[in-house]
Amino acid sequence: MKSYRKELTFTTPRRVEIVPITDQVNEALRESGIQEGLCLVNAMHITSSVFINDNEKGLWQDYINWLERLAPHEPIGQYLHNRTGEANGDAHLKRQIMGREVIIAVTGGKLDFGPWEQIFYGEFDGQRPKKVLIKIIGE
Ligand code: ZN
């Protein structure tokens, strides 16, 4: 069995942002040379997410608006977590609902997606370098 590991780093200009990353994951899959197996992609931080959904910019903004209604950034004093001196209580909650990772089947050297599925990085406390891990196993 082969195993391949790669880290991606994102520094988003905005605090909250959704970034399409399917191209980078496809590139990692090509580099791995793996034809049949599984591909894990996970956020390496507790205030960001990796998720699969539609590559449609209106939907990305719908997510951001919906998450902001669920867990507004301000007032920051509403979160007990921010008593630690941090201001990202909302970002931890947003990450939880959008998830940590995705696993995609690898078939015939390609990501075996359903219709319209694409991979996204969800940043909820950005403007600093943050990592995503890609791990591919198979043969
Ligand atoms: Zn925090």
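Scope of this entry: the structure provided in the associated data block. For clarity, every value in this text was computed on a predicted model and none was experimentally measured. (Residues numbered from 1 in each chain as written. Predicted model: local features only at pLDDT ≥ 70, side-chain atom pairs only at ≥ 80, totals over all residues. Heavy atoms only, no water.)

1. A word on the overall build of the chain
Consideration 1: Secondary structure assignment for the chain yields three helices and eight strands.
Consideration 2: Tracing the chain from N to C terminus, the helices and strands come up as β-β-α-β-β-α-α-β-β-β-β.
Consideration 3: With respect to the principal axes defined by its C-alpha atoms, the chain has extents near 50 × 30 × 20 Å.
Consideration 4: In the chain, which comprises 139 residues, the share counted as buried stands at 43%.
Consideration 5: In the chain, 83% of the contacts between residues at least 6 apart in sequence involve partners at least 24 apart.
Consideration 6: Total accessible area on the chain is roughly 7600 Å²; 53% of this is exposed by carbon and sulfur atoms.
Consideration 7: Charged side chains of the chain number 17 positive and 19 negative; the gap between the two group centres comes to 5 Å. (Helix = DSSP H or I, 4+ residues; strand = E, 2+ residues; numbered from the N terminus. Buried < 20%, exposed > 50% of the residue type's maximum accessible area, 1.4 Å probe, protein only. Contact = heavy atoms within 4.5 Å. Areas by Shrake-Rupley, 256 points an atom, 1.4 Å probe, with all protein chains shown as cover. Lys, Arg positive; Asp, Glu negative; His and termini not counted. Charge placed at Lys NZ, Arg CZ, Asp CG, Glu CD.)

2. A word on the packing of aromatic side chains
Consideration 1: Inspection of the entire model under this criterion finds four aromatic pairs.
Consideration 2: When the centroid spacing of 4.8 Å and the interplanar angle of 20° are considered together, the rings of F10 and Y121 count as stacked. You can see F10 sitting in strand β1 (residues 2–10) and its partner Y121 sitting in strand β7 (residues 118–123), a full 111 residues away along the chain.
Consideration 3: By relative accessible area, which is 9% here, F10 ends up buried.
Consideration 4: Judged by relative accessible area, which is 0%, Y121 ranks as buried.
Consideration 5: Ring centres 5.5 Å apart and planes at 70° place the aromatic pair F51 and Y63 in the edge-to-face group. Of this pair, F51 sits in strand β4 (residues 48–53) while Y63 is found in helix α2 (residues 57–70), placing the two residues twelve residues apart along the sequence. Summarising the burial analysis for this pair, F51 and Y63 share the class buried. (Phe/Tyr/Trp six-rings, centres within 6.5 Å; stacked < 30°, edge-to-face > 60°.)

3. Concerning the side chain of K94
Consideration 1: With respect to the element layout, K94 can be found in helix α3 (residues 89–98).
Consideration 2: We classify K94 as buried; its relative accessible area is 2%.
Consideration 3: Here A71 takes part through its backbone oxygen, which lies 3.0 Å from a polar atom of the side chain of K94.
Consideration 4: The residues touching K94, leaving out its near neighbours within four places in the chain, are S49, L67, E68, A71, H73 and F124. (Polar contact = N/O pair within 3.5 Å; in protein donor to acceptor, adjacent residues only side chain to side chain.)

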